[in-house]
Every structure is written in structure tokens, then in C-alpha cells.
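Spelled out from the first residue to the last, the chains are:
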Amino acid sequence: MVFGENKRESSTAQAPQQVGRSYAVIVEEAETSFGAYVPDLPGCVAVAETRDEVLRLIEEAIEFHVEGLRQDGQPIPAPSSSIEYVEIRQHDSTLSI
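*Asks:* Let's hear about the nonpolar core: which residues, and what values?
*Replies:* Ranked by size, the top nonpolar core spans 13 residues in total, and within it Tyr23, Val38, Leu41, Cys44, Val54, Ile58 and Ile62 carry the most contacts. Looking at this core, the elements with two or more residues in it are strand S2 (34–37), strand S3 (45–48) and helix H1 (51–71). Among the elements that line this core, the one with the most residues is H1, at five residues. Those residues within four positions of valine 38 in sequence are excluded, and the remaining contacts are Tyr23, Ala24, Val25, Cys44, Ile58 and Ile62.

*Asks:* Explain the pairing of S3 to me, using residue names and the numbers behind them.
*Replies:* Residue alternation in S3 divides its side chains into a buried set, Ala46 and Ala48, and an unburied set, Val45 and Val47. As judged from the four bridges shared by S2 and S3, these two strands associate in the antiparallel manner. The residue of S3 that forms the bridge with tyrosine 37 is valine 45.

*Asks:* Before we move on, can you summarise H1 with the specific residues and values?
*Replies:* Compared with the 30 Å implied by 1.5 Å per residue over 21 residues, the 30 Å span of H1 between its first and last C-alpha is a close match. Turning to H1, its buried residues are Val54, Ile58, Ala61, Ile62, Val66 and Leu69. Within H1, the buried residues cover an arc of 125° as seen down the axis, which keeps them to one side. Opposite its buried face, H1 presents the exposed residues Asp52, Glu63, Phe64 and Gln71, each directed more than 90 degrees away. Turning to H1, the residues buried within the fold contact strand S1 (26–29), S2 and S3. Its side-chain oxygen placed 3.0 Å from the backbone nitrogen of glutamate 53, threonine 50 serves as the N-cap of H1. Phi for glycine 73, located one or two positions after H1, is positive at around 70°.

*Asks:* Break down the pairing of S2 for me, citing the residues and quoting the values.
*Replies:* Note that S1 and S2 share four bridges and pair antiparallel. Within S2, the position partnered with glutamate 28 by the bridge is glycine 35.

*Asks:* How would you summarise the pattern of salt bridges if you had to cite specific residues and measurements?
*Replies:* Considering all chains together, one arrives at two salt bridges under this definition. Here glutamate 67 and arginine 70 are joined by a salt bridge, their closest N and O atoms 3.2 Å apart. Of this pair, glutamate 67 and arginine 70 both sit in helix H1, three residues apart, which is roughly one turn of that helix. Here arginine 70 falls in the partly exposed class, since its relative accessible area comes to 49%.

*Asks:* I'd like a description of the environment of leucine 69, backed by residues and values.
*Replies:* With respect to the helices, strands and loops of the structure, leucine 69 is situated in helix H1. Exposure remark for leucine 69: the relative accessible area of 18% places this residue in the buried category. Apart from the residues within four sequence positions on either side, leucine 69 is in contact with Gln74, Pro75, Ile76 and Pro77.

Rules of the game
Residues numbered from 1 in each chain as written. Predicted model: local features only at pLDDT ≥ 70, side-chain atom pairs only at ≥ 80, totals over all residues. Heavy atoms only, no water. Core = buried A, V, L, I, M, F, W, Y, C linked by side-chain atoms within 4.5 Å. Buried < 20%, exposed > 50% of the residue type's maximum accessible area, 1.4 Å probe, protein only. Helix = DSSP H or I, 4+ residues; strand = E, 2+ residues; numbered from the N terminus. Contact = heavy atoms within 4.5 Å. Pairing = 2+ DSSP bridges. Expected span 1.5 Å × (residues − 1). Arc of directions from axis to C-beta. Polar contact = N/O pair within 3.5 Å; in protein donor to acceptor, adjacent residues only side chain to side chain. Salt bridge = Lys/Arg side-chain N within 4 Å of Asp/Glu carboxyl O.

The following block contains the structure:
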């Protein structure tokens, strides 16, 4: 922009857009707490007293983990894990599900 002119310079530059990634999160319920981890981000874990709290904390942990990798110049793993449920039939009366 040139100072002193009455023209407004139109800016075509746009702010960088955040590219979202969705990581699979495993949530496990224990007797008195919940734990969560991300298979694609080894070491990225959270523990809390409630399911809602552990989901909030694991989201923060993912952001923190990815930022740490970025700051260290490490590659950020692409999400590759998924989850499937496999139904099994109860054939044996001693098997309790």
C-alpha cells in the first residue's frame, strides 16, 4: 500500500485454514475412572473420573501432542486406525458377555 493515496488496496491474501484430522480414540472404563488413548499417536493418553471429562482431556492431549511433534520438527502421523465392532454369538453357557 502506498501512503498518501486515497485508494484502498484490496487484499486477496487469506488467513491460513486449519486442516482437520480425525483420530480414532479408544475409551476404556475402569472401576473408578476412564482412560483414553490414540493408537496413531503413541503416548497420547488421558485419564479422568467421567467419560465426558476424558473425551475433553484426550482432545486437548491430541492438540498438545501434535503441537509438540510440530515444534520438534517431527512428522505428524496421519490417522490410519479405525474401530469395528465384531458381534459374537454365545455358544457356551459358561461364556458370559
